[in-house]
Amino acid sequence: MRARKPFWEVPVRVVIGEDLVLLREGMIRLLSANDFEVVEAADNGPSLLHALVTHKPDVAVVDVRMPPTFTDEGLRAAIEAREKVPGLPVLVLSQYVEQLYARELLSDRGGGVGYLLKDRVADVSQFIDAVRRVAAGGTAMDPEVISRLLDRRATDEPINRLTPREREVLGQMAEGRSNAAIAGRLFITDKAVSKHTNNIFTKLDLEQSDDDNRRVLAVLAYLNG
């Protein structure tokens, strides 16, 4: 697995995969203005794969549907790149939830991963925070993506092990929130959140490790089984 770059170290090297020129140029300007270094911006799947394998960036920001087929080219390029560059952090930024390939991306537990819907990114700071979080090895999951993936798994045993409150806590974890942020969001105490997270780790059979790593593994286990 590739070594993680420290969260605070800048500039973070980024490869963008986006075929819409206005959005692509907008992301280049936005990221560059926030201490990221955009090393390449690809407008099709094959070029994106080549850029990811060549540059081995700190994080990739990838659209799902890109030329030449406009189906799932970008996401498949990201998955193939992670096979060639283990631990490559990938943030999917798309209008669509491509469930099959989203599950495949999430099932690879090495490296940061995120999946945001373009029309639900509320502001610039939210997007920048998500890119940094994924680059640092964390997760950034859109609640709508989580909901669609969980609908498929409603009867699977790992979910049935969790209480409704534990599912709420884990859903907040998947969005990248800290214990304190989860407590504020759910109107419960930090101590209660800590208890729920420990129960989640136990029920998902996650061995002792650093808390950040277990949080990521818990989210991925929850979404993928």
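Residues numbered from 1 in each chain as written. Predicted model: local features only at pLDDT ≥ 70, side-chain atom pairs only at ≥ 80, totals over all residues. Heavy atoms only, no water.

A. Molecular detail of the overall build of the chain. Each helix and strand counted, the chain has eleven helices and six strands in total. The proportion of buried residues among the 225 residues of the chain is 49%. Long-range pairs, those at least 24 residues apart, make up 67% of the contacts in the chain with a sequence separation of at least 6. For the chain, the exposed surface amounts to about 10500 Å²; the carbon and sulfur share of it is 51%. (Helix = DSSP H or I, 4+ residues; strand = E, 2+ residues; numbered from the N terminus. Buried < 20%, exposed > 50% of the residue type's maximum accessible area, 1.4 Å probe, protein only. Contact = heavy atoms within 4.5 Å. Areas by Shrake-Rupley, 256 points an atom, 1.4 Å probe, with all protein chains shown as cover.)

B. Here's a closer look at helix 2 (residues 45-55). Burial in helix 2 covers these residues: G45, L48, L49, A51 and L52. One side of helix 2 holds all its buried residues, which, seen down the axis, span an arc of 165°. The exposed residues of helix 2 that point more than 90 degrees off its buried face are P46 and H50. In this structure, the buried residues of helix 2 make contact with strand 1 (12-17), strand 2 (36-42), strand 3 (59-62) and helix 3 (73-84). (Arc of directions from axis to C-beta.)

C. The packing of helix 1 (residues 21-33) against helix 5 (residues 124-135), seen in detail. Packing of helix 1 against helix 5 leaves a shortest axis separation of 11 Å and a crossing angle of 75°. Put simply, helix 1 runs roughly perpendicular to helix 5. Across the interface between the two elements, M27, L30 and L31 from helix 1 touch V124, F127, I128 and V131 from helix 5. (Axes fitted to C-alpha atoms, helices over the stretch in contact; angles between N-to-C directions. Parallel < 35°, antiparallel > 145°, perpendicular 65-115°, else oblique.)

D. Structural context of the UniProt feature "modified residue: 4-aspartylphosphate" (unreviewed entry) in the chain. The residues that UniProt annotates with the feature "modified residue: 4-aspartylphosphate" (unreviewed entry) are D63. When its relative accessible area of 6% is taken as the criterion, D63 is described as buried. With sequence-adjacent residues up to four places away left out, D63 is seen in contact with G17, E18, D19, G74, L75, L93, S94 and K118. (UniProt positions renumbered as here; feature names shortened; annotations may be inferred.)

E. Summary view of the sheet that holds strand 4 (residues 90-94). Taken in spatial order, the six strands make up an open sheet running 2-1-3-4-5-6, and their pairing is parallel. Here the strands that pair on one side only, and so sit at the sheet edges, are strand 2 and strand 6 (139-141). Across the sheet, the axes of successive neighbouring strands diverge by a mean angle of 20°, strand direction being ignored. Here strand 4 pairs with strand 5 (residues 113-117) via five bridges, running parallel. Bridged to V90 within strand 5 is V113. Its contacts with the sheet place helix 5 against strand 1, strand 2, strand 3, strand 4, strand 5 and strand 6, and it is angled at close to 150° to strand 4. (Pairing = 2+ DSSP bridges.)

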